[in-house]
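As a plain string of letters, each chain reads:
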Amino acid sequence: FLDMQTEKYEENPSENFGVLRMRRQVINENSYVGGIMTSRIGMNGYQNYAYGLDGIFRLFGDDYLNVKWAQTYDSDIDNKMTSLDPSFVMVNWERRSEKGLGYNFNYTYSGEQFNPGIGFVMRGAVQGLNGQLLYGWLPGEESPFFNYSVFVRADRYTRLGDGMLEGMNIEPGFE
């Protein structure tokens, strides 16, 4: 829990910032569920609230499912709580492995009105798919390096408003 009050400075009003984050282990020692609530309340009447749920679940072996959902309310925007516009959704499946086959597949959705008042969003009003396939190996105790991997990464983001391409990348590599 964190609560902080700021003082008025020039044109910026005094504001109160609050964060509550909770997380609990479930199912097995590598799985968790959690929740978060944030608030930003200006002494000029402005209000911004964000709340969300998340979970990381070890399904089997090195395979994990990661899910996140968040929604915001902002007094400067006509938010509709039943809409996806002020929401963020992320679903990720990955195999966490430094040896052999690894992968990471991800879907994200960031609504046009999603505005975490005390955070930031790298890409707003987009949905995206991205992934990575890799193959890794451990070189042995004589090597100065812990591991090696070859991979290919790709991502594609489209704008929600018009469905046009926001950005795309395909990247092979060696680490």
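Refer to the structure presented above.
Residues numbered from 1 in each chain as written. Predicted model: local features only at pLDDT ≥ 70, side-chain atom pairs only at ≥ 80, totals over all residues. Heavy atoms only, no water.

> Which parts of the structure should I look at to understand the overall build of the protein?
Counting its regular elements, the protein contains 0 helices and 10 strands. Secondary structure elements of the protein, listed N to C terminal, follow the sequence β-β-β-β-β-β-β-β-β-β. Taken against the 2.2 N^0.38 rule, which gives 16 Å for 175 residues, the C-alpha radius of gyration of the protein at 20 Å runs more than 25% over that of a compact globule. Counting only C-alpha atoms and orienting by the principal axes, one finds that the protein spans roughly 60 × 40 × 35 Å. Put simply, 41% of the contacts in the protein that link residues at least 6 apart link residues at least 24 apart. By element, 57% of the accessible surface of the protein is carried by carbon and sulfur atoms, the whole surface being about 11,500 Å². Treating the 15 positive side-chain charges of the protein as one cloud and the 23 negative ones as another, the clouds have centres 5 Å apart. (Helix = DSSP H or I, 4+ residues; strand = E, 2+ residues; numbered from the N terminus. Rg over C-alpha atoms; globule rule 2.2 N^0.38 Å. Contact = heavy atoms within 4.5 Å. Areas by Shrake-Rupley, 256 points an atom, 1.4 Å probe, with all protein chains shown as cover. Lys, Arg positive; Asp, Glu negative; His and termini not counted. Charge placed at Lys NZ, Arg CZ, Asp CG, Glu CD.)

> Sorry if this is basic, but what is going on with the packing of aromatic side chains here?
Centre distance and the angle of the planes are the two values used to describe a pair of aromatic rings. For the structure on display, the rule yields 9 aromatic pairs. Taken together, a centroid distance of 6.0 Å and an interplanar angle of 25° make the contact between Tyr148 and Phe174 stacked. Taken together, the residues Tyr148 in strand 9 (residues 148-159) and Phe174 in strand 10 (residues 165-174) connect sequence positions 26 residues apart. Residue classification places Phe174 among the exposed positions, given a relative accessible area of 53%. Ring pairs connect the aromatic residues Tyr135, Trp137, Phe145, Tyr148 and Phe174, which therefore count as one cluster. When the ring centre of Phe151 is taken as reference, the NZ or CZ atom of Arg153 above it lies at 4.1 Å. (Phe/Tyr/Trp six-rings, centres within 6.5 Å; stacked < 30°, edge-to-face > 60°. Buried < 20%, exposed > 50% of the residue type's maximum accessible area, 1.4 Å probe, protein only. Lys NZ or Arg CZ within 6 Å of the ring centre and 35° of its normal.)

> What am I meant to see in the pairing of strand 2 (residues 15-25) here?
The two faces of the sheet receive side chains in turn, since in a regular strand these alternate between them. As defined by bridge partners, strand 1 (residues 2-5) adjoins strand 2 across 4 bridges and the pair is classed as antiparallel. Paired with Leu2 across the bridge in strand 2 is Val19. Where strand 2 folds back on strand 3 (residues 32-42), the antiparallel hairpin that results is connected by 6 residues, among which Ile27 adopts a positive phi of roughly 60°. (Pairing = 2+ DSSP bridges.)

> How should the sheet that holds strand 1 be read in this particular structure?
As a general point, the strands of a sheet are linked pairwise by backbone hydrogen bonds and lie either parallel or antiparallel. Here 10 strands make up an open sheet; going across it, the order is 1-2-3-4-5-6-7-8-9-10 and the pairing antiparallel. The outermost strands of the open sheet, each flanked by one partner alone, are strand 1 and strand 10. Within this sheet the neighbouring strands show an average axis-to-axis angle of 10°, counted without direction. (Axes fitted to C-alpha atoms, helices over the stretch in contact; angles between N-to-C directions.)

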